[in-house]
Amino acid sequence: MQDRIDPEWMTEERRAVLRAVCDTVVPSIHRADDPDGFWARSGTDLGADAGTVHALAGLSDEQRSGLLGLIDALGAQGIVGASQESREALLTGVAQLGPMAAAGVGILTKLVLMHSYGLPCPTTGRNPMWKTLGYPGPTVATPTGTKTIVPFVPDGDVELTADAVVIGSGAGGGVIAARLAQAGRRVVVLEAGGYYDEEDFDQIELHAYKNTYWRGGPVPTADMNLMLQAGATLGGGTTINWTNCLRTFPWVREQWAQEFGLEGVDGADYDAHLDAVLRRIGATDKASDLNGPQQKMKEGCERLGWDFRLVVRNADLDKYTPEAAGYLGFGDPSGAKMSTEKTFLRDAFENDADILVRTRARKILVDNGQAAGVEAVYADPESGKTAKVTVFATNYKFAKQGQSGIEVSELLPGLSQVIDDVAVIRSGVTDRIDHDTAQHP
Ligand SMILES: Cc1cc2nc3c(=O)[nH]c(=O)nc-3n(C[C@H](O)[C@H](O)[C@H](O)COP(=O)(O)OP(=O)(O)OC[C@H]3O[C@@H](n4cnc5c(N)ncnc54)[C@H](O)[C@@H]3O)c2cc1C
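A separate point is the sheet that holds strand 8 (residues 354-356). Spatially, 3 strands are ordered 2-3-8 in an open sheet, and the strand pairing comes out parallel. If you trace the sheet from one side to the other, it starts and ends with strand 2 (164-167) and strand 8, each paired once. The average angle at which neighbouring strand axes cross in this sheet is 15 degrees, direction not considered.

See below:
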């Protein structure tokens, strides 16, 4: 199901332990009524062992060595060759040793489950378990030739200049890049992820996680209490999100204004900004077909006299098809999703912004207390090419605003107050400028 890779850390002993873990989590069960082999197939039959080795290869050395330590410990406890009952007891017992052990067993178990039920067979493109589960797998034909942004690709180390560098091309960065570029500013957008759109959205969950999600899919917080998901691709989360467009609730805006003293968030200005964004992303309630359970909810609400409204979604009605709705979290294969890539980033690109993908900002250069540039690294996993990208600030000066005297575009008048109040980014002090949520559980 998945090509075998042979990294030097995956010894035959460890591979045997991994197979034992796979077949404990997804055991082969004999049942007379098993016409499609659903019960009979084990984790290793489904390629979960090879898939898990691939996943381990994608981890940092530190994370991988922790999981390999767990695999070694399970091997030392005799998991290979033990009965199903003993293997289950061993995994449960190890998980009870402490939070780290529980997390390790939890991660291995999830990797095995994800690959057992998610890996497509290379010949059929479908996982053999889907038939019994009633999951159709990919159903939407994908278009071609849809990418209209031409990213700037560094050919060796490169130095660029910009009035403004936008780090991250998601919901926030995209709007700012567009508005600054439209206002005539020279903008460079640095995006750590790659450029994927409907051409690439094959409706396979594992491919979507690998290509477009931050750290390859759901990630636990440092204390293991919460799982987080975020996009890491051109358009950020908006490329893989579910497109529900909710206006910020009045009580949230009041709280921002009253508790945090933010100006301009509880009045008409803010509404005008929301309207402008919703207009640009094509927010509509005409692309919200109800499925069976939702229809029942509607009927229930009506009988109870409760308010029922269709959710508003950012969708291009010319391309919209309800068939694609179930796959939105893997990227919209119909291309109807009006993501940041389809809207604000295109506006930025059409107004001469340079957009770099596979380019992770590493450090903000500071000169005399002012941001003077950004150092980034371009690394393309497909070509293997890497380059150092440095973007230097031009002489253009935004107006100094707020108590901090920070130079902020007049397009973002509220930002100086936020910076004054909560978030003076002391660049250069840390090179951990990518949003590492493990730091803020
Ligand atoms: C599965 C899923 C479903 C969702 N559904 C909805 C929904 O229906 N409705 C809704 O309103 N919201 C939804 N959201 C949330 C919404 O998508 C996010 O709140 C929103 O995208 C956040 O915008 P952002 O600009 O803060 O960051 P993001 O959109 O996450 O963009 C950040 C970008 O920055 C890049 N980046 C990070 N560090 C660096 C660096 N150092 N250098 C260069 N690039 C970097 C990342 O790769 C990423 O592309 C969903 C999110 C997910 C994950």
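This next bit is on helix 3 (residues 61-76). When the terminal C-alpha atoms of helix 3 are compared, their 22 Å separation across 16 residues agrees well with the 22 Å that a helix rising 1.5 Å per residue should span. All buried positions along helix 3 are accounted for by Arg-64, Leu-67, Leu-68, Leu-70, Ile-71 and Leu-74. One face of helix 3 carries all of its buried residues, which in axial projection span an arc of 155 degrees. Exposed residues on helix 3 whose side chains face more than 90 degrees from its buried face are Asp-61, Glu-62 and Ala-76. Elements that come into contact with the buried residues of helix 3 comprise helix 1 (12-25), helix 2 (48-57), helix 4 (84-95) and helix 5 (99-118). Following helix 3 by one or two positions, Gly-78 has its phi on the positive side, about 80 degrees.

Turning next to the packing of aromatic side chains. Evaluation of the coordinates by the stated rule reveals 6 aromatic pairs. On the numbers, 5.3 Å between centres and 85 degrees between planes, the contact of Phe-38 with Trp-39 is edge-to-face. Looking at Phe-38, the relative accessible area reads 12%, which means it is buried. Ring centres of Tyr-396 and Phe-398 lie 5.0 Å apart, and the angle between their planes is 80 degrees; this geometry places the pair in the edge-to-face category. Here Lys-147 stacks its cationic end above the ring of Tyr-195, 5.5 Å away from the centre of that ring. Geometry around Tyr-396 places Arg-185 over its ring, the cationic atom sitting 3.5 Å from the centre.

The next point concerns the site of the ligand. Around the ligand, the surrounding shell holds 28 residues, and the nearest of these are Gly-172, Glu-191, Gly-237, Asn-244 and Ala-361. Here Thr-243 contributes a backbone N or O atom positioned 3.3 Å from an oxygen atom of the ligand. At 2.9 Å, a backbone N or O of Ala-361 approaches a nitrogen atom of the ligand. If the ligand stood free it would expose 1,000 Å²; the protein chains cover 75% of that surface. Among the secondary structure elements, those contributing two or more residues to the shell around the ligand are helix 7 (171-182), helix 9 (237-240) and strand 9 (359-367).

With that settled, the discussion passes to the nonpolar core. Across soluble globular proteins, nonpolar side chains have a tendency to be buried as a group. In this structure, Met-10, Leu-56, Ile-71, Leu-74, Ile-79, Val-94 and Leu-108 are the most contacted members of the largest nonpolar core, which totals 27 residues. Ignoring sequence-local partners within four residues, the contact set of Leu-108 consists of Leu-18, Thr-52, Leu-67, Leu-70, Ile-71 and Leu-74. If you look at the next biggest cluster of nonpolar residues, it comprises 22 residues, including Leu-180, Leu-278, Phe-344 and Ala-348.

Here is what the cut-offs are and how they apply
Residues numbered from 1 in each chain as written. Predicted model: local features only at pLDDT ≥ 70, side-chain atom pairs only at ≥ 80, totals over all residues. Heavy atoms only, no water. Pairing = 2+ DSSP bridges. Helix = DSSP H or I, 4+ residues; strand = E, 2+ residues; numbered from the N terminus. Axes fitted to C-alpha atoms, helices over the stretch in contact; angles between N-to-C directions. Expected span 1.5 Å × (residues − 1). Buried < 20%, exposed > 50% of the residue type's maximum accessible area, 1.4 Å probe, protein only. Arc of directions from axis to C-beta. Contact = heavy atoms within 4.5 Å. Phe/Tyr/Trp six-rings, centres within 6.5 Å; stacked < 30°, edge-to-face > 60°. Lys NZ or Arg CZ within 6 Å of the ring centre and 35° of its normal. Near = heavy atom within 4 Å. Polar contact = N/O pair within 3.5 Å; in protein donor to acceptor, adjacent residues only side chain to side chain. Areas by Shrake-Rupley, 256 points an atom, 1.4 Å probe, with all protein chains shown as cover. Core = buried A, V, L, I, M, F, W, Y, C linked by side-chain atoms within 4.5 Å.

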